[in-house]
Every structure is written in structure tokens, then in C-alpha cells.
Amino acid sequence: MRLLTRRTFTAGLAGAGLALAWSPFARAQAAGKKLVIGFAQTGAESEWRTANTDSVKAAAKAAGHELKFSDAQQKQENQIKAIRSFITQKVDVIILAPLVTTGWDTVLKEAKAAKIPVILESRNVVVKDPSTWTTFIGSDFVEEGRRAAKWLLDNTKSTTGPVNIVELQGTVGSDPAIDRKKGFDEVIKTNPRYKVIRSQTGDFTRAKGKEVMEAFLKAEGKKINVLYAHNDDMAIGAIQAIEEAGLKPGKDILVIGVDAVKGAFEAMIAGKMNVSVECNPLLGPQLMEAAAKAAAGQPLERWIKTIEGVFPAEIAAKEFPNRKY
Ligand code: AHR
């Protein structure tokens, strides 16, 4: 599933006797062509996103590419503006972390018409013409949702009676929010004891996670057995709300998050969170390899999937020193 490194990629072509057939792009790439890459990032809504931005910036620097970075502050119109400005500046490749799945048809067509390959990272799009983007580098969000629910079912087997779950969804219309819900629901509906009694967006942020959890607690109080948050930041915000309501997060209310960022490990070590399903933000090196290939007109897999695990509280202290984000 991983892309070839630049060294094996070049050596492979030369070894196959294809060196003379190289396009000018591929030759330039082999000679270490420095690319100009435009990166339209969603914003800085979470610990995950900051790690993702840092990873892309560091990888571009290490590869010697120029990175034009745009922080859209969680607004799709800002991302569209950034893409148009990258097109005007004639960048070699555009990397887009799409805030939501829809609304990209026109601008992606414009990039295609300008012959600028677009790589999607961390989130995917739904467009009429899929040839307007080259590859998606990111996670299987449905599987992340399934993993969260499987952990819950496995770890509440010995309990009896109903299990009432409140859900903090990610940004409305984003594929991690849509798919993490889908995967979770798919697994919990196999057992009628489990019910999502409230579900609302917390926009992937700590502040919103806390605010919505306060409302859940007001409405449902001690009926709540489990919090499933689509990311760790919202879980961490909600933990604060649970404590302020005089309850013990991790005990009175089980707390499940997604991302496996350091903040979640700290909460697990403190006994306030029970599990975090990993979503890896360190996509920079894979993105730079894909950018070099795309600029050289080389084919790319449609989906370069990130490999991820599940981290329950029991192993948090042991794993913490190994965490990179
Ligand atoms: O697209 C990945 C998601 O976006 C992360 O899970 C979330 O924390 C982030 O903001």
C-alpha cells in the first residue's frame, strides 16, 4: 500500500530500461526538481490538524520543495479562494484537505483545466468527475467508527441493562464525521442494548465539545453511560463538562475518542478517558512522494490508506513515550 520512495522509484525505472522514455517532468524529478506546492488546509481546529500541518511543512522542507500554505479557518470558501490563487500562481501540485465532501466540482475542474494535479489529504470529496483529483491519502473513517464500537461492545459485555450513548459528531458534511458515525452505528445496532440517545456536532473542537456535552448532561444527566466523540479534542472538552457536572469521566461515563493524540493519552493516563482509536496525521512524507509522482505524470493509487491501531487506557502509559503527535 505504501508508495515507492524516490530512490526506489528512480532506480526502478532506470533498471527497467525506461530512462530514455522519461518525460521532461520525470527527468526533472530524477534530477531533484524542486516543486512549488500549494496546500489548502482546513484550519487548526484540533491537535490532529496541527500535527498534520507540521508534518506536511516539515516533509516539504526536507524534500526542498516550496510550500505555499493556506489556513482556511474552517471555511470552504477560503479553501476555494486558495485553490484559485494557486492556479493563478501556476503551482506544480495542489494539496487539498477538503473541509466537507461536496461543493468542489467547479474549482477542481479549473485545476484540471490548468493541468495542475490535485492530491486530497486527510478528507475526501464527492464530485461528479473523479478525474479532477489524482489520489486520496488518508484514513478509513468507517473502520475507525467500527473500531470504536467494537471496543465498546467488548468492554461492556459484563454489564446488564441499556447502554445509553451520546455522540459528538465532527464537522457537518465532512467525511470523517459521516463515516465515523456510519461505522459506529453499523456495529452497535447488532446489539439492542446499545442506543445513541443524543447526537450533535461539536465541530471537531474542544470548546464546542464542552458546550454540547453540557447540553447533553442537562438534558439526560445520569442516564448517560457512554460518550463517543468523533475526535479527541471534543472528548477532552467534554471531559471538562462531565467533571463540572460532578461526575467522573472514564468511570461514571465511559469516554471514547478518535485520533490518539497526546492529549488523549494524558487523559487516559489520568483515568478520565477509556480509549482512543488512532487516526494518523503524519501524512507529509507520503504526500511529498505522491506530489513528485503526480508532477511527473506518474500514475497513483486512488486511495493511499493510512495504517492505524486502537489504544485503550490500559496501555496508554507504556505507549505515551512513543507517540509522535
Ligand atoms: O480529517 C481528520 C479529522 O480532522 C481528525 O480526526 C480531526 O481531529 C480533524 O480535525
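Above this note sits the structure.
Summary of the structure given here. (Residues numbered from 1 in each chain as written. Predicted model: local features only at pLDDT ≥ 70, side-chain atom pairs only at ≥ 80, totals over all residues. Heavy atoms only, no water.)

Looking at the nonpolar core
Here is the rule: The set of buried Ala, Val, Leu, Ile, Met, Phe, Trp, Tyr and Cys residues whose side-chain atoms join them within 4.5 Å is what this entry labels a nonpolar core. For every residue, the accessible area obtained with a 1.4 Å probe (protein chains only) is divided by the maximum for its type, and the residue is called buried under 20%, exposed over 50%, and partly exposed between those limits. A contact between two residues is defined here by any heavy atoms of the two lying within 4.5 Å.
Residues Ile94, Trp104, Leu108, Leu152, Ile165 and Met213 are the most contacted members of the largest nonpolar core, which totals 71 residues. With residues up to four places along the chain from it excluded, the contact list for Ile165 reads Leu152, Phe184, Ile188, Tyr194, Lys195, Val196, Ile197, Arg198, Val226 and Tyr228.

Quick look at the sheet that holds strand 6 (residues 163-169)
The following threshold applies: Note on pairing: two strands pair once DSSP finds at least 2 bridges between them. Secondary structure elements follow DSSP: runs of H or I of four or more residues count as helices, runs of E of two or more count as strands, with numbering from the N terminus. Angles shown run from 0 to 180 degrees and are taken between the N-to-C directions of axes, each axis being a line fitted to C-alpha atoms and, for helices, limited to the stretch in contact.
Spatially, 7-6-8-9-10-12 is the arrangement adopted by the six strands of the open sheet, whose pairing is mixed. Two strands in the sheet have a free side with no partner beyond their single neighbour: strand 7 (194-201) and strand 12 (310-312). This sheet shows a mean twist of 20 degrees between the axes of neighbouring strands, independent of strand direction. Bridge count between strand 8 (residues 226-229) and strand 9 (residues 254-259): three bridges; the pairing is parallel. Counterpart to Val226 in the pairing with strand 9 is Leu254.

Let's talk about helix 11 (residues 284-295)
Worth spelling out the cut-off: Expected helix span is taken as 1.5 Å per residue step, with the number of steps being one fewer than the number of residues.
Between its first and last C-alpha, helix 11 extends 16 Å over 12 residues, near the 16 Å set by a 1.5 Å rise per residue. Counting buried positions along helix 11 gives 11 out of 12 residues, so the element sits mostly inside the fold.

A closer look at the site of the ligand
Heads up, the condition is: In these notes, residues near a molecule or strand are those with any non-hydrogen atom within 4 Å of it. Think of a polar contact as two N or O atoms within 3.5 Å of one another; within protein, one of them needs to be a possible hydrogen donor and the other a possible acceptor, and neighboring residues in sequence only count if both atoms come from side chains. We get accessible surface area from the Shrake-Rupley algorithm with a probe of 1.4 Å; when it comes to residues, only the shown protein chains can shield them.
Taken together, Glu45, Ser46, Trp48, Arg49, Ser122, Arg123, Pro176, Arg180, Phe204, Asn231 and Asp259 make up the full set of residues near the ligand. Within the side chain of Ser46, an N or O atom sits 2.9 Å from an oxygen atom of the ligand. A distance of 2.9 Å separates an oxygen atom of the ligand from a polar side-chain atom of Asn231. About the coverage of the ligand: the protein hides 100% of its 280 Å² of free accessible area.

A word on the packing of helix 4 (residues 76-88) against helix 5 (residues 105-113)
In plain terms, the rule: Angles below 35 degrees are treated as roughly parallel, those above 145 as roughly antiparallel, those between 65 and 115 as roughly perpendicular, and all remaining angles as oblique. Helix crossings are classified by the rotation of the near helix relative to the far one: an anticlockwise turn of less than a right angle makes the crossing left-handed, while a clockwise turn makes it right-handed. Throughout, the ten residues Ala, Val, Leu, Ile, Met, Phe, Trp, Tyr, Cys and Pro are labelled nonpolar, Asp, Glu, Lys and Arg are labelled charged, and all others, Gly among them, are labelled polar.
Orientation of helix 4 relative to helix 5, taken along the N-to-C sense of each, is 10 degrees, at an axis distance of 10 Å. Overall, the two elements helix 4 and helix 5 adopt an arrangement that is roughly parallel. Here helix 4 runs over helix 5; the crossing is left-handed. Residues Ile80, Ile83, Arg84 and Ile87 of helix 4 form the contact with helix 5, whose participating residues are Thr106, Val107, Glu110 and Ala111. Residue composition of the contact of helix 4 with helix 5, by class: five nonpolar, one polar and two charged.

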